[in-house]
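The chain contents come next:
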Amino acid sequence: PEAEARIATLEASRYLTEVAEAWNHTYPVRYDTLTGEVNLPGAQLVMTADGDSLTLRLTGSDTSKFETAKESVARHVDRIAEHDTGVRCVWHELS
């Protein structure tokens, strides 16, 4: 399965960095201020920050682990963005 979320925010780089750092000691993570990759159990998260949004793309091979990873990523993003009114992680299935 594959899903994508696009989060409209001027804080995209900060969100990306905080999500990556949240998992840095638990899972393999590579990131800078504009791109990030996290290898989660059963899924890979790719993050891209630009001037006005953060794009999250999640791919996986195991459906149940993929769904768990989607929920976990959304929780992390929503927690980081809790002070920004109206910012939520909403996934759109791509396959």
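The model shown is predicted, which means the values in this text are computed figures rather than measured ones.

(A) View of the overall build of the chain. When helices and strands are counted, the chain shows two helices and six strands. Going from N to C terminus, the chain has its helices and strands arranged as β-α-β-β-β-β-α-β. Expressed along its principal axes, the backbone C-alpha trace of the chain runs to roughly 35 × 25 × 20 Å. Looking at the 95 residues of the chain, the share that counts as buried comes to 39%.

(B) Examining the sheet that holds strand β5 (residues 53-60) more closely. Read across the sheet, six strands follow the order β2-β3-β4-β5-β1-β6 without closing on themselves; strand pairing throughout is antiparallel. Whereas interior strands pair on both sides, the edge strands pair on one side only; in this sheet they are β2 (29-31) and β6 (92-93). Sheet topology note: the β2/strand β3 (residues 35-40) ladder contains three bridges and is antiparallel. Note on β3: the bridge partner recorded for Val 29 is Val 38.

(C) Here's a closer look at the nonpolar core. Judged by nonpolar contacts, the single largest core of 29 residues is most densely connected at Leu 45, Met 47, Leu 54, Leu 56 and Trp 91. Elements represented by at least two residues in this core include exactly β1 (2-8), α1 (12-23), β3, β4 (43-49), β5 and α2 (63-80). Dropping the residues within four chain positions of it, Met 47 is found in contact with Leu 16, Val 19, Ala 20, Leu 34, Thr 35, Gly 36, Val 38, Leu 54, Thr 55 and Leu 56.

(D) Geometry of α1. Helix length check: α1 (12 residues) gives 17 Å between terminal C-alpha atoms against 16 Å at 1.5 Å per residue, within 8%. For α1, the set of buried residues is Ala 12, Tyr 15, Leu 16, Thr 17, Val 19, Ala 20 and Trp 23. Next to the buried residues of α1 lie β1, β2, β3, β4, β5 and α2.

About the criteria used
- Residues numbered from 1 in each chain as written.
- Predicted model: local features only at pLDDT ≥ 70, side-chain atom pairs only at ≥ 80, totals over all residues.
- Heavy atoms only, no water.
- Helix = DSSP H or I, 4+ residues; strand = E, 2+ residues; numbered from the N terminus.
- Buried < 20%, exposed > 50% of the residue type's maximum accessible area, 1.4 Å probe, protein only.
- Pairing = 2+ DSSP bridges.
- Core = buried A, V, L, I, M, F, W, Y, C linked by side-chain atoms within 4.5 Å.
- Contact = heavy atoms within 4.5 Å.
- Expected span 1.5 Å × (residues − 1).

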